Amino acid sequence: MEAGRERRDDEVEQGTVVTPSAEFPPLSPSQRAALGRIGERWRAPRVDGDLPVDPALGRSGRRPVPTRFGRLAPFDMFTVEQPDELVATERANVPGSRFGRALTRLRRGVFGPPLSSAAVLYERMRKLVALPVLSSDLLSSVAYGPEAMLAVLVLAGTGALGLSLPLAAVLVVLMVAVGVSYRQTIQAYPHGAGSYVVAGDNLGSLAGLAAAAGLMVDYVLTVAVSVAAGVHAVTSALPGLTPATVPLGVLVIAVLLAGNLRGVRTAGNIFVLPTYAFVVAVLAVLVVGYARAAGRGFTPVSPPQVPAAEGLGLLLVLRAFSSGAVSMTGIEAVSNAVPAFRPSEWRNARTTLGWMVFLLVLLFAGLTGLIRLEGLVPVPGETMLSQLGRITFPSGPWYPLLQAATTLILLLAANTAFNGFPRLLFFMARAGHAPRRFLHMGDRLAFSNGMAALAATAALVFVAFGGHTESLIPLYAVGVFLAFTLSQAGMVVRWRRRRTPGWRRRLTINAVGAVLSALVLITAAVAKFSEGAWVVVIAVPLLVLLFRRIHRHYATLHHALALHPPPPAPPGPAGPAEGEELPQEVRHLVVVPVARLNRASLRALAYAASLGQPTLAVHIAPEEAEADRFREQWRAWGDHLRLETIVSPYRAFVGPLAHYLEALHTTRPELTLTVIVPEVVLRRPWHRPLHSRVEQRLRAALRALPGVVVTSVPVHVAE
């Protein structure tokens, strides 16, 4: 319990600052104190100058020469910045093999040269770049959000389309309420906090994990839906490409991954133009379209008659409302990415979010109203935005430009997920709810592991649903509005608990956002359950269970590896070998498996004897006659070390040796068994299948035994 409290305190102390050092968290005060008490009992004091080499590499008069393992000399790979500190240069990252160097050159050609850790402060976005990067998902959703709402209403016939305007008005209220609520979240959590951090901090760990699960599902679907919608826009203009929908979508996801792996700032510069082009194109449609409507006195055009396939009831209206609510996906992206802004981060993030919500309301309401004035209805094979563009721009280059801008932003809308998903995994991994590999920053200071996981999962979903936007939309709203609801409810609890000046007004705003988000969540889950929302309803609890299992594992590991002050040495037998933390407590037995007496085994025996510890050689023989022959060879060698021979009549080697070492450890659990394995290192990879590689199988088997240390003595073959 105390350890868990200390970890939470450390997380609060660190805030949500994103740095490459997050992989190496500092020790808590109690751990530092325990470390000092352990050090006081060490009986092996350090003596300056007792090393046979100069560890700083700076005072040696002998220059190393390149070897076959690498053409770069060590002095070219390190610089001496301080007396006890070396700094690895960029050349130190280059592999020694020819294939590795070629792969490195290819990777750097695609993703760019690696960035220093100090450059993380400069890999930030200004507002003009952050707006298109973080709003691409939000703004692109107006290309299919109104259509998704109308596609449900038209099931009740042409007369039901009149409900689009009141439903759009309610959705605008929801957009403003949630947008203002997230502006408050950014101010309350200025270091960046998505729904996972906010809900977990105020409602408890379970609520935070549920919000994280909902967001993760949303991010994956963001990539799948946006790519599907973008490919659909392409096939609407070029119907001949329809059979290649799935390969095109997978290719787009791969291109997006490559672009984002180049780093936040570079990816931002790549994706700026398409978003601004889309906004300008849609605004042009709205200006020209409403001007044409004003010329006829804003008289709506009668839509074509569509027969009713369902009755107009409350359930259908709620389904239409929840379908239109997908236009809000991505509104939380700014609160997740506050650390990606230039200082002052939270102020720039709030300003950017304000512009995002303003543009969303303008484009969504404007398109819904113009579609109603032009009397358009959803038709298969062409998007409603495409229909609107054909009517608004019947001639000239403007319609192709609108389609091109729409296609680009739909394809690049997934970029928002590539910003949010890895950061969510970063926060979760730091708290122990996700694998720690997601804390790592790649060569370009991007969370490459998280991006790769997102791309792989989204591609799998895209392929599974055949790239059909209509099949993916029903899955969309449940996860994101679960996160919205928990985040805003968490902010309500925060204001009520802290009661800072103006807390009642802030609490009311967040409460309105929470209630409206909860209504959309319940509506989407119930109305679209049979259409596919059941997948998300089941996936979220399973993900929460997975996160809790991961956290339990890391908690167990933390407890096992935590530092404890050493107790006074009690009389009697020593404790288990893996509990030793002081050099004077370690008791050794060196074991050398010997298959045959050759240069490799003799070198391993010589290395073992040089350690000055009790040493035992073990030979596994398939039959008694071979055991006798080996003992005769051992005596011819001189019988310098104790030999134990084990006959294995079933010709197994690894199993009998592992069980023998386990029996030794059970007999004397305080002993540390150091198993020294002779290993032949082959230069040519294609030579490896010619050998049994027993050494690797033995090392894998022994690694599971407690109190056993496995090391190898290599002998390199030059051929």
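Residues numbered from 1 in each chain as written. Predicted model: local features only at pLDDT ≥ 70, side-chain atom pairs only at ≥ 80, totals over all residues. Heavy atoms only, no water.

Colleague: Now, about the overall build of the chain: what can you tell me, with residues and values included?
Modeller: Along the chain, the regular secondary structure elements total 26 helices and 7 strands. By the burial criterion, 48% of the 719 residues in the chain qualify as buried. Of the contacts formed within the chain by residues at least 6 apart in sequence, a portion of 79% connects residues at least 24 apart. By element, 63% of the accessible surface of the chain is carried by carbon and sulfur atoms, the whole surface being about 34,900 Å². (Helix = DSSP H or I, 4+ residues; strand = E, 2+ residues; numbered from the N terminus. Buried < 20%, exposed > 50% of the residue type's maximum accessible area, 1.4 Å probe, protein only. Contact = heavy atoms within 4.5 Å. Areas by Shrake-Rupley, 256 points an atom, 1.4 Å probe, with all protein chains shown as cover.)

Colleague: How would you explain the packing of aromatic side chains if you had to name every residue and give the values?
Modeller: Under the definition given, this model contains 8 aromatic pairs. With a centroid separation of 5.6 Å and 70° between ring planes, the pair formed by F426 and F427 is classed as edge-to-face. Both residues of the pair, F426 and F427, belong to the buried class. One aromatic cluster is present, built from ring pairs that chain together Y182, F481 and F484. The ring of Y189 carries R494 above its face, with NZ or CZ at 4.6 Å from the centroid. (Phe/Tyr/Trp six-rings, centres within 6.5 Å; stacked < 30°, edge-to-face > 60°. Lys NZ or Arg CZ within 6 Å of the ring centre and 35° of its normal.)

Colleague: Lay out the sheet that holds strand 7 (residues 708-717) with the relevant residues and their values.
Modeller: Judged by pairing direction, the sheet is parallel, and its 5 strands sit side by side in the order 5-4-3-6-7 without closing on themselves. Sheet topology places strand 5 (642-647) and strand 7 at the edges, where each strand pairs with a single neighbour. Neighbour to neighbour, the strand axes of the sheet diverge by 25° on average, direction disregarded. Examined bridge by bridge, strand 4 (residues 615-621) and strand 5 share 6 bridges and lie parallel to one another. Bridging across to strand 5, A621 finds its partner in V647. (Pairing = 2+ DSSP bridges. Axes fitted to C-alpha atoms, helices over the stretch in contact; angles between N-to-C directions.)

Colleague: I'd like to hear about the packing of helix 9 (residues 205-237) against helix 16 (residues 398-412), residue by residue, with values.
Modeller: At their nearest, the axes of helix 9 and helix 16 sit 7 Å apart, and the two run at 155° to each other. In terms of orientation, helix 9 lies roughly antiparallel with respect to helix 16. Between helix 9 and helix 16 lies a crossing whose hand is left-handed. Facing S226, V227, A229, G230, V231, A233 and V234 of helix 9, the residues of helix 16 in contact are Q403, T407, L410 and L411. Of the residues in the contact of helix 9 with helix 16, the class split is 7 nonpolar, 4 polar and no charged. (Parallel < 35°, antiparallel > 145°, perpendicular 65-115°, else oblique. Left-handed = near helix turned anticlockwise from the far one by under 90°. Nonpolar A, V, L, I, M, F, W, Y, C, P; charged D, E, K, R; others polar.)

Colleague: Outline the nonpolar core, listing residues and values.
Modeller: Counting 153 residues, the largest nonpolar core has Y196, V223, F418 and F481 as the members making the most contacts within it. Judged by nonpolar contacts, the second largest core, of 18 residues, contains L589, V591, L661 and V677. (Core = buried A, V, L, I, M, F, W, Y, C linked by side-chain atoms within 4.5 Å.)

Colleague: Tell me what's going on with unusual backbone geometry, and back it up with residues and numbers.
Modeller: Positioned with a positive phi, F298 is a non-glycine residue whose angle comes to about 55°. Tracing the sequence through the fold places F298 in the loop between helix 11 (264-295) and helix 12 (314-324). On the basis of relative accessible area, F298 is assigned to the partly exposed category, the value being 45%. One non-glycine residue, D639, adopts positive backbone phi at about 55°. One can find D639 in the loop between helix 24 (624-637) and strand 5.

Colleague: Explain the pattern of salt bridges to me, and be specific about the residues and the numbers.
Modeller: For the coordinates displayed, the defined rule picks out 6 salt bridges. Between R296 and E374 there is a salt bridge, and its shortest N-O distance comes to 3.7 Å. On the criterion of sequence distance, the pair formed by R296 in the loop between helix 11 and helix 12 and E374 in helix 14 (residues 345-374) is long-range, its members being 78 residues apart. D628 is the partner of R631 in a salt bridge, and the nearest nitrogen-oxygen pair spans 2.5 Å. One end of the pair is R631 and the other is D628, both in helix 24 and 3 residues apart, which spans about a single turn. If you follow the salt bridges from partner to partner, you end up with R292, R296 and E374 in one network. (Salt bridge = Lys/Arg side-chain N within 4 Å of Asp/Glu carboxyl O.)

Colleague: Lay out the side chain of H665 with the relevant residues and their values.
Modeller: Mapping H665 onto the fold places it in helix 25 (residues 654-667). The contacts of H665, once residues within four sequence positions are left out, are L671, L673, P706 and G707.

Colleague: Describe the environment of E695, and please don't skip the residues or the numbers.
Modeller: Mapped onto the fold, E695 is located in helix 26 (residues 694-702). Classification of E695 as buried rests on a relative accessible area of 19%. C-alpha of E695 to C-alpha of P593: the two residues are 102 residues apart in sequence and 9.7 Å apart in space. Residue contacts for E695: discarding those within four places in its chain leaves V677, P678, E679 and V680.

Colleague: Can you tell me about the environment of G381, naming the residues and giving the values?
Modeller: Inspection of the secondary structure puts G381 in the loop between helix 14 and helix 15 (384-392). Along the sequence, G381 and A237 sit 144 residues apart, while their C-alpha atoms lie 9.5 Å from each other.

Colleague: Now, about the pairing of strand 6 (residues 671-682): what can you tell me, with residues and values included?
Modeller: Most of strand 6 is tucked away: 10 of the 12 residues are buried. Relative to strand 6, strand 3 (residues 587-593) runs parallel, the two being bridged by 5 bridges. Considered in strand 6, the bridge of H588 is made with T672. Note that strand 6 and strand 7 share 10 bridges and pair parallel.

Colleague: Summarise helix 10 (residues 245-260); cite the residues concerned and give the values.
Modeller: In a regular helix each residue adds 1.5 Å, so 16 residues correspond to 22 Å; helix 10 covers 23 Å between its end C-alpha atoms and thus fits that length. Looking only at helix 10, the buried set comprises T245, G249, V252, I253, L256, L257, G259 and N260. With its buried residues spanning 165° around the axis, helix 10 presents them on a single face. Facing away from the buried side of helix 10, by more than 90 degrees, are the exposed residues P247, L251 and V255. (Expected span 1.5 Å × (residues − 1). Arc of directions from axis to C-beta.)

Colleague: How would you summarise the confidence of the model for the chain if you had to cite specific residues and measurements?
Modeller: Overall, the prediction assigns the chain a mean pLDDT of 80, with 82% of residues at 70 or greater. When the elements of the chain are averaged for pLDDT, helix 1 (residues 2-14) gives the smallest value, 43, and helix 18 (residues 448-464) the largest, 91. Per-residue pLDDT stays below 50 along residues 1-16; that stretch engages in 19 contacts with residues further than four places along the chain or on separate chains. Low pLDDT, under 50, characterises residues 69-75; the stretch is placed with 16 contacts to residues that sit more than four places away or in other chains. (pLDDT = per-residue confidence, 0-100.)

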